[in-house]
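# Descriptive structure summary
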Amino acid sequence: MFWDKKIECMEREEIKELQLVKLQNTVKYAFDKIPYYHKKYSEYEVFPEDIQSLEDIEKLPFTTKDDLRQVYPFGMFAVSTDEIIEIHSSSGTTGKPVISGYTKKDIDNWSEILARGLTEWGVSSNDIVQNTNGYGLFTGGLGIHYGAQKIGATVVPISTGQTRRQIELMNDFESTCLIVTPSYGLYMGEVAKEEGFNLKDFGLNVIGFGSEAWTEEMRKRLEETFGVPAYNIYGLTEMMGPGVGVECSKQNGLHIAEDYYYPEIIDSSSGKHLPEGTHGELVLTNIEREGMPVIRFRTKDITALDYNPCDCGRTFCRMERITGRTDDMIKVKGVAVFPSQIEKALLKISEIEPHYQVIVSRPGNLDEIEVKVETAPELFSDDVRELMNIRNKIADHIKNEVGIKVKVTLVEPKTIPRSTAKAVRVIDKRNLH
Ligand code: ZN
């Protein structure tokens, strides 16, 4: 299903032409309206007229999260606050929060982007969308809300938590589309089981998930738990929120809304462009945004882009699921380890639950990784030999995936704290900062 086939299936040349015009307008607009960009571009001696081709974007300096923090709260707005109709913010757990501002037109565009995205999974005006994303300053709640309403679907704005009620209402309303984070989805599965419900008997047709790192194995667990396909949504507060990329029914990458976002892949240490299809850091530019256009934003997310037309008929490029974040990367004994790799290894083992925690410590001079994993309820036995076997199996699988040996500790079912939003997977006790 398409929301706007004409746009979603444009020829590559047409997309590029459109992007260039929008990029040129954006750079000029930001230079004229936002003192931060005026000053920065003047310092770098790069001016709007220097952007003659899409490749010329490389002449512009990057914008980082720190840059956005420095102009907190409203220093990135291109319009006065009387034209801003909504504000969102990052959680601010690692410093000052990043603020995102939207004009009426921006909210309309954001709704359009998500209406298009949800339609990729077949969501229509007949659907009942149960949105467990948190409402409030977090963009995941209202972003999905606007998109679903634009389509004319019925939104259940239940937000996160109240899990038992969540399941009860899902059953009573016969919700057809569920929006969750993977970890919360699995938690809902556990609670439903405890309550004697089989989620597969519910009226659900589709799951949309986002907001945290995931693996194909995690998707499979989610699909098995609910008995329906699960599709990924990607986005970030700085770029408006969810909708930058949305997976289509082919589950083979997320289509980037290229008429609103210009994506680049760079080598995160040199800052240079990488060849098409290579993994690197995703850099994004808002090429149509009135309230707060952000140019060349370093997402720190690692992915690769595929420009081949998709089997679904869409021509917008596809980004791979995020394989890690440049700052989530744990460097242990000189090896780069991502929690997602550990998760991938764990999900291959049926005797355990995909609830885990990675603890990094430095007892002497050497780094040590301990992975705490829950066993499945039916398995926690007193048979020491059996548990030893499973532990070794887990250690082997992880070693295969990440290349180093880790310590594995099995813990009883449901002893690792559950999260309703983003799961805390890594505890770094090394005090490296
Ligand atoms: Zn597709």
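Residues numbered from 1 in each chain as written. Predicted model: local features only at pLDDT ≥ 70, side-chain atom pairs only at ≥ 80, totals over all residues. Heavy atoms only, no water.

### Side note on the coordination of the zinc ion
Stated precisely, the cut-off is as follows: Each metal's donors comprise the N, O and S atoms found within 2.8 Å of it (within 3.2 Å for Na, K or Ca). Water is not part of the atom list, so some coordination spheres may appear incomplete. When a residue's accessible area, from a 1.4 Å probe over protein chains only, is under 20% of the maximum for its type it is buried; when over 50% it is exposed; and in between it is partly exposed.
For the zinc ion, the full set of protein donor atoms is Cys248 (SG), His255 (NE2), Cys310 (SG) and Cys312 (SG), at a range of 2.1 to 2.3 Å. In the primary structure, the donors to the zinc ion are separated according to the pattern C-x6-H-x54-C-x1-C. In this pair, the class of Cys248 matches that of His255, namely buried.

### Considerations on the domain arrangement of the protein chain
Inclusion rule: An automatic or database domain assignment is the source of the domain bounds shown. The contact criterion used is simple: two residues touch if any of their non-hydrogen atoms lie within 4.5 Å. Buried area counts how much accessible surface, traced with a 1.4 Å probe, disappears from two parts once they are put together, with both parts' losses summed. Throughout this description, the term salt bridge denotes a Lys or Arg side-chain nitrogen within 4 Å of a carboxyl oxygen of Asp or Glu. A 3.5 Å cut-off defines polar contacts: any pair of N or O atoms within that distance qualifies, except that in protein one atom must be a possible hydrogen donor and the other a possible acceptor, and neighbouring residues in sequence count only when both atoms are side-chain atoms. A helix here means a DSSP run of H or I that spans at least four residues, while a strand means a run of E at least two residues long, and both kinds are numbered starting from the N terminus. Note that Gly is not counted as nonpolar here; it falls among the polar residues with everything else outside the nonpolar set of Ala, Val, Leu, Ile, Met, Phe, Trp, Tyr, Cys and Pro and the charged set of Asp, Glu, Lys and Arg.
Domain annotation for the protein chain reports domain 1 (5–328) and domain 2 (332–428). Between domain 1 and domain 2, the residue contacts involve 21 residues of the former and 22 residues of the latter. Sorting the residues of domain 1 by area buried against domain 2 places Glu190, Glu217 and Arg221 first, and these three jointly supply 31% of that buried surface. Inspection of the domain 1/domain 2 interface yields one salt bridge. Close ionic contact of Lys414 with Glu194 constitutes a salt bridge, the shortest N to O distance being 3.0 Å. Counting the contacts that link domain 1 with domain 2 gives three residue pairs in polar contact (both at pLDDT 80 or more). Elements that contribute at least two residues to the side of domain 1 that touches domain 2 include exactly α8 (182–194), α9 (216–226) and β15 (324–325). Looking at the side of domain 1 that touches domain 2, the element that brings in the most residues is α8, giving six residues. Taken together, the residues that form the side of domain 1 that touches domain 2 break down as six nonpolar, eight polar and seven charged.

### Here's the deal with the sheet that holds strand β18 (residues 352–361)
Basically, it comes down to this: Strands qualify as paired when DSSP identifies two bridges or more between them. To define axes, lines are fitted to C-alpha atoms, for helices over the stretch in contact only, and angles between the resulting N-to-C directions are given on a 0 to 180 degree scale.
Taken together, four strands build an open sheet; the order of strands is β20-β19-β18-β21 and the sheet is mixed. Strands with a single pairing partner mark the edges of an open sheet, and in this sheet they are β20 (407–411) and β21 (426–428). Sheet twist, expressed as the average angle between the axes of neighbouring strands with direction ignored, equals 20°. Examined bridge by bridge, strand β19 (residues 368–375) and β20 share five bridges and lie parallel to one another. Across the sheet, Glu370 pairs through a bridge with Lys407, a residue of β20. Its contacts with the sheet place helix α10 (residues 339–346) against β18, β19 and β21, and it is angled at close to 145° to β18. Sheet strands in contact with helix α11 (residues 384–402) are β18, β19 and β20, and its direction is about 135° off that of β20.

### Focus on the pairing of strand β7 (residues 230–236)
For β7, the tally of buried residues reaches six of seven residues, placing the bulk of the element in the interior. Relative to β7, strand β6 (residues 206–209) runs parallel, the two sharing three bridges. Looking at β7, one finds that Gly208 is bridged to Tyr231. With four bridges joining them, β7 and strand β8 (residues 241–247) adopt antiparallel strand pairing. Residue Leu236 lies in a different strand from β8, and its bridge partner there is Gly241. Taking the residues between adjacent antiparallel strands as the criterion, β7 and β8 are bridged by four residues, where Met240 takes a positive phi near 105°.

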